[in-house]
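Single-letter residue listing:
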Amino acid sequence: MKVADIVQTLEGKLLSGEQLLDTEISSACGADLMSDVMAFVKEHVVLLTGLVNLQAIRTAEMMDIQVIVFVRGKTPTKDMIEEATSNGMAIITTKYSMFLACGRLYEAGIRTGGMRESC
Amino acid sequence: MKLHYEVPGDDFSLAGKASTEVKKALGRLGIDPGIIKRAAVAMYEAEINMVIHAGGGVADVEILPDSILVKLEDQGPGIPDLEMAMQEGYSTAPEQARELGFGAGMGLPNIKRNSDDLHIESAVGSGTKVSITIKLQQGATDQA
């Protein structure tokens, strides 16, 4: 699924990263705790989160995640958008909750998520 | 190549900035992206720990021909039970840390998972030293 399709599926708004609209995304991670994101080992990932602070951007940067969706209608701050823009990342906001946003993306075709080797 | 950072403990918006800069520096050196990611994640978790638990500290990074060494040192309260702290899900972080997206008890396990060698020296009341080694050779561990 392309980033443009994610924006459409989530009826979202793209706040940065227009150059990534044609980029393919194959898996998703929904989390508000950033260490859980860092225990996640996939490529071509979209991160869905309700955490609105600079650490969400930095965590994505550490993990080479290029696309972040802020759920529940949360709006990132100017600082966050600036940091994302300087890293070439796409920021999307959506009115949907985490559950509904993940559900919509799953239904639209993103079926891969991280799974721990053991629990 | 050596890099040195002072990590302030009173401004959470700066937490992780040193690791971000290290990741960029490693990228400029043309190091394998998978190795950079492991070094960046390990250092980032350790840097966040230092801010959450110890009121900041110092971070030193040394890039050697065969490895990346990351050392973080703080004057914080120390880790009373290191064995417990290494377990996934065990956390002593304050509620405020969770509001900021951390404190899930995954920090130290994530550091261990991404390091080739991890050494933690900690004494209650006098602080903690974390030494992380990431080998530059690809396939050095099964985590690469």
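In this convention, every chain numbers its residues from 1, walking through the sequence in written order. Working convention: letters from A go to chains and numbers from 1 go to ligands, in the order in which they are written. Since the coordinates come from a predicted model, pLDDT governs what is reported: local features require at least 70, and pairs of side-chain atoms require 80 or more to be given and counted, while whole-chain, interface and lining totals use all residues. Side-chain calculation: all heavy atoms of the structure are included, whereas hydrogens and water are not.

Description of the sheet that holds strand E4 (residues 67-70) of chain A
Residues and elements named next belong to chain A.
- As summarised here, the arrangement of the six strands in space is E1-E5-E4-E3-E2-E6, forming an open sheet in which the pairing is mixed. Each edge of the open sheet carries a strand with a single partner, namely strand E1 (13-16) and strand E6 (112-113).
- Sheet topology places strand E3 (residues 45-49) next to E4; four bridges connect them, and they run parallel. Its bridge partner being in E4, leucine 47 is matched across the sheet by isoleucine 68.
- Each of E1, E4 and strand E5 (90-93) is contacted by helix H4 (residues 78-86), which is oriented at about 75° to E1, the strand it contacts most.
- Contacting strand E2 (27-30) and E3, helix H5 (residues 98-108) crosses the sheet at an angle of about 155° to E3. Strand pairing is assigned whenever DSSP identifies at least 2 bridges connecting the two strands. Counting from the N terminus, the helices are the DSSP runs of H or I reaching at least four residues and the strands are the DSSP runs of E reaching at least two. The contact criterion used is simple: two residues touch if any of their non-hydrogen atoms lie within 4.5 Å. Simply put, an axis is a line fit to the C-alpha atoms, just over the touching stretch for a helix, and the angle between two N-to-C directions goes from 0 to 180 degrees.

Remarks on the pattern of salt bridges
- Here, a salt bridge means any side-chain nitrogen of Lys or Arg that lies within 4 Å of a carboxyl oxygen of Asp or Glu. By the definition in use, this model includes 13 salt bridges over all chains.
- For aspartate 32 of chain A, the salt bridge identified is with arginine 72 of chain A, shortest N-O distance 3.1 Å. Note that aspartate 32 of chain A is positioned in the loop between E2 and helix H2 (34-38) and arginine 72 of chain A in the loop between E4 and H4, a separation of 40 residues in sequence.
- Of the charged contacts in the structure, one is a salt bridge between lysine 37 of chain B and glutamate 43 of chain A, with a shortest N-O distance of 3.4 Å. On the criterion of chain membership, the pair formed by lysine 37 of chain B in helix H2 (residues 33-54) and glutamate 43 of chain A in the loop between H2 and E3 is interchain, its members lying in two chains.

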